[in-house]
Amino acid sequence: MNYNFNQVIPRIGTSCGKWDSKEVYRTKQVIPMWVADMDFPVAEPIMKCIRKRAEHPVMGYAHRGKDFSEITSQWMEKRHGWYIEPGWVTFSPGMVPAISAAIQALTKPGEGVLIQPPVYYPFSGTVNACKRKLVENPLKVSEGKYRMDYEDLEAKFKTENVRLMILCNPHNPVGRVYTKEELWKLGELCLKYNVLIFSDEIHSDLILKGHRHTPLASLSGELSQITLTGVTPSKTFNLAGLQTSAVICKNQKLRRDFDSAIRMNGIQFPNIFGLEAFKSAYTEGQDYLEQLLVYLESNYTYCKRFFAQRLKPLRTTELEGTYLLWFDCRELQMDCEKLDGFMLNQAHLGLDSGYLFGNQGRDLCG
Ligand SMILES: Cc1ncc(COP(=O)(O)O)c(C=O)c1O
């Protein structure tokens, strides 16, 4: 079927995190764009499954059957050419709970957990909440692209007692889809310094033309033994409110330790609607996704042109994946507080301030 992504769907008053969380979005016609949550309708086959389940009059505990793992495995192979055994798949109610469980399961208080800012800010929040040492390996810009700084990474691995790193690929907010070569280099260093990896691949189905997602763990048998990979249809199919994710790990010991932490936090039970939506998205979502990617590509092209013609002082970062835009406001010569006020009160946009993602984001104010 053809999807109409131009349809405007009012969401105010639907207990919606994006639109209902601040009075200003309701009263001042500010457009919220601060969260990775699309205003598009959910694909019809998914809605059908949810409706069907809603018609059943009993809503007891859900059971994640074997099909959850088999379907995840099939999607990984079909979309990313990554063969995984269904037995490597486990459950988490979301990516952030999975990161938290991985930190609790795989590191001890005082050990280092490394992140690569500017990056999705719950990474640092979760490391801090778990009382681990936050170690930062900032991305650096070269030839107009954010790239990993391997020299700094190795130095941090040598000196900061790093036990786990949280990779974001594709990267929120800078929109990078790391190449095989970049990931190889990272993986080799992790193997050399005995560092485990949680690879957050939540945006891995949202890849723009000319780029290809590589699951880090698919690169080698050795890497698949030290990596937990988080995947979910939640961003791709706009299902984040249903809180259902999968975590893939070949290494049985790591997977079991991870599952223990999930149980310790009491979050092992899936949501029945989440399960139905997850399985439908990964079996019947291909058609929607192909159309969505065309639409997102044209949105990005439109945005780039608009910025170049009408918003000359602002510079966008080249987008390789995700539907997020990270832009440089230094030429506006406003400090961060002034810029926040300008975006909200004059531009009428509800954005996430760059500095939330790390100090590198602060540097992009004036
Ligand atoms: C990179 C990344 N990880 C995790 C999340 C949140 O995932 P969840 O809602 O499953 O915890 C987001 C949401 O924007 C994200 O961009």
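Analysis parameters
Residues numbered from 1 in each chain as written. Predicted model: local features only at pLDDT ≥ 70, side-chain atom pairs only at ≥ 80, totals over all residues. Heavy atoms only, no water. Helix = DSSP H or I, 4+ residues; strand = E, 2+ residues; numbered from the N terminus. Rg over C-alpha atoms; globule rule 2.2 N^0.38 Å. Buried < 20%, exposed > 50% of the residue type's maximum accessible area, 1.4 Å probe, protein only. Domains from an automatic or database assignment. Contact = heavy atoms within 4.5 Å. Buried area = accessible area lost by both parts, 1.4 Å probe. Salt bridge = Lys/Arg side-chain N within 4 Å of Asp/Glu carboxyl O. Polar contact = N/O pair within 3.5 Å; in protein donor to acceptor, adjacent residues only side chain to side chain. Phe/Tyr/Trp six-rings, centres within 6.5 Å; stacked < 30°, edge-to-face > 60°. Near = heavy atom within 4 Å. Areas by Shrake-Rupley, 256 points an atom, 1.4 Å probe, with all protein chains shown as cover. Nonpolar A, V, L, I, M, F, W, Y, C, P; charged D, E, K, R; others polar. Core = buried A, V, L, I, M, F, W, Y, C linked by side-chain atoms within 4.5 Å. Pairing = 2+ DSSP bridges.

Topic: the overall build of the chain
For step 1, the next point in the chain: Secondary structure summary: the chain contains 14 helices and 13 strands in total.
For step 2, the next point in the chain: Taking 2.2 N^0.38 as the reference for a compact globule, 366 residues should give roughly 21 Å; the C-alpha atoms of the chain span a radius of gyration of 20 Å, in line with that estimate.
For step 3, the next point in the chain: Across its three principal directions, the C-alpha atoms of the chain cover 55 × 55 × 35 Å.
For step 4, the next point in the chain: A buried classification covers 52% of the 366 residues belonging to the chain.

So, the domain arrangement of the chain
For step 1, the next point in the chain: Along its sequence, the chain is carved into domain 1 (22-43 + 286-365) and domain 2 (66-284).
For step 2, the next point in the chain: Computed from C-alpha coordinates alone, the two centres of domain 1 and domain 2 are separated by 24 Å.
For step 3, the next point in the chain: The interface is formed by 29 residues belonging to domain 1 together with 32 residues belonging to domain 2.
For step 4, the next point in the chain: Of the roughly 3,000 Å² buried at the junction of domain 1 and domain 2 (both faces included), carbon and sulfur atoms supply 58%.
For step 5, the next point in the chain: On the domain 1 side of the interface with domain 2, the three residues burying the most area are Gln-286, Glu-320 and Phe-357, jointly 25% of the side's total.
For step 6, the next point in the chain: Along the contact surface separating domain 1 from domain 2 lie three salt bridges.
For step 7, the next point in the chain: Between Glu-320 and Arg-176 there is a salt bridge, with its nearest N and O atoms 2.8 Å apart.
For step 8, the next point in the chain: Run the count over domain 1 and domain 2 and you get 15 residue pairs in polar contact (both at pLDDT 80 or more).

Considering the packing of aromatic side chains
The relation between two aromatic rings is expressed through the spacing of the ring centres and the mutual angle of the planes.
For step 1, the next point in the chain: Under the counting rule described, the total for this entry stands at 20 aromatic pairs.
For step 2, the next point in the chain: Ring geometry for Phe-68 against Phe-91: centres 6.3 Å apart, planes inclined by 65°, an arrangement best described as edge-to-face. In this pair, Phe-68 sits in helix α4 (residues 66-80) while Phe-91 sits in strand β2 (residues 89-92), placing the two residues 23 residues apart along the sequence. Here the two residues Phe-68 and Phe-91 agree in accessibility, since each one is buried.
For step 3, the next point in the chain: Geometrically, the ring pair formed by Tyr-121 and Phe-357 is edge-to-face, given 5.1 Å between the ring centres and 75° between the ring planes. One end of the pair, Tyr-121, is in the loop between β3 (112-115) and α6 (122-129); the other, Phe-357, is in the loop between β13 (349-350) and α14 (359-362), and 236 residues separate them in sequence.
For step 4, the next point in the chain: Overall, Phe-357 belongs to the buried group, its relative accessible area being 8%.
For step 5, the next point in the chain: An aromatic cluster is defined as three or more aromatic residues linked by ring pairs; in this entry it consists of Tyr-3, Phe-5, Phe-40, Phe-68, Trp-75, Phe-91, Phe-237, Phe-278, Tyr-282, Tyr-288 and Tyr-295.

Brief notes about the site of the ligand
For step 1, the next point in the chain: Every residue close to the ligand is listed here: Ala-36, Gly-94, Met-95, Val-96, Pro-97, Tyr-120, Cys-168, Asn-172, Asp-200, Ile-202, His-203 and Lys-235.
For step 2, the next point in the chain: The contact in question runs from an oxygen atom of the ligand to an N or O atom on the backbone of Val-96, over 2.9 Å.
For step 3, the next point in the chain: One of the side-chain nitrogen or oxygen atoms of Lys-235 is found 3.1 Å away from an oxygen atom of the ligand.
For step 4, the next point in the chain: Coverage of the ligand by the protein amounts to 87% of the 400 Å² it exposes when considered alone.
For step 5, the next point in the chain: Per-element accounting of the shell around the ligand gives the leading share, three residues, to helix α5 (residues 95-106).
For step 6, the next point in the chain: Of the residues belonging to the shell around the ligand, the class tally is seven nonpolar, three polar and two charged.

Some points on the pattern of salt bridges
For step 1, the next point in the chain: With the rule as written, the count across this model stands at 17 salt bridges.
For step 2, the next point in the chain: Two residues, Asp-257 and Lys-253, come together in a salt bridge whose shortest N-O distance is 2.5 Å. One end of the pair, Asp-257, and the other, Lys-253, are both in helix α10 (residues 252-264), four residues apart, so they sit about a helical turn from each other.
For step 3, the next point in the chain: Exposure remark for Lys-253: the relative accessible area of 55% places this residue in the exposed category.

Comments concerning the side chain of Thr-229
For step 1, the next point in the chain: By secondary structure assignment, the location of Thr-229 is in strand β9 (residues 227-231).
For step 2, the next point in the chain: For Thr-229, a relative accessible area of 0% translates into the label buried.
For step 3, the next point in the chain: When neighbours within four sequence positions are excluded, Thr-229 is seen to be in contact with Trp-82, Ser-199, Glu-201, Ala-217, Ala-246, Val-247 and Ile-248.

Some thoughts on the nonpolar core
For step 1, the next point in the chain: Phe-157, Met-165, Ile-166, Leu-167, Leu-186 and Phe-198 are the most contacted members of the largest nonpolar core, which has 52 residues in total.
For step 2, the next point in the chain: Ranked by residues supplied to this core, first place goes to α5 with seven residues.
For step 3, the next point in the chain: The residues touching Phe-157, leaving out its near neighbours within four places in the chain, are Leu-114, Val-162, Met-165, Leu-189, Cys-190, Tyr-193 and Val-195.
For step 4, the next point in the chain: Membership of the second largest hydrophobic core comes to 40 residues, among which are Tyr-3, Phe-5, Ala-36 and Leu-206.

Details of the pairing of strand β10 (residues 245-248)
For step 1, the next point in the chain: Burial along β10 is two-sided: the residues Ser-245 and Val-247 and Ala-246 and Ile-248 are all buried.
For step 2, the next point in the chain: Direction of pairing for β2 relative to β10: antiparallel, over a ladder of four bridges. Across the sheet, residue Phe-91 finds its bridge partner in β10, namely Ala-246.
For step 3, the next point in the chain: Alignment of β9 against β10, held across three bridges, turns out to be antiparallel. Along β10, the bridge assignment pairs Thr-229 with Ile-248.

Considerations on unusual backbone geometry
For step 1, the next point in the chain: Note that the residue after Pro-117, namely Pro-118, is joined by a cis bond; omega there is 5°.
For step 2, the next point in the chain: Looking at the element boundaries, Pro-118 is found in the loop between β3 and α6.
For step 3, the next point in the chain: The omega torsion across Asn-169 and Pro-170 is -5°, close enough to zero to call that bond cis.
For step 4, the next point in the chain: With respect to the helices and strands, the residue Pro-170 is situated in the loop between β7 (162-168) and α8 (180-192).
For step 5, the next point in the chain: Positive phi values are uncommon outside glycine, yet Asn-194 reaches one of about 60°.
For step 6, the next point in the chain: Within the element layout of this structure, Asn-194 appears in the loop between α8 and β8 (196-200).
For step 7, the next point in the chain: Positioned with a positive phi, Thr-322 is a non-glycine residue whose angle comes to about 75°.
For step 8, the next point in the chain: As for its placement among the helices and strands, Thr-322 is situated in the loop between β11 (315-316) and β12 (327-328).
For step 9, the next point in the chain: Residue Thr-322 is classed as buried on the basis of its relative accessible area, which comes to 1%.

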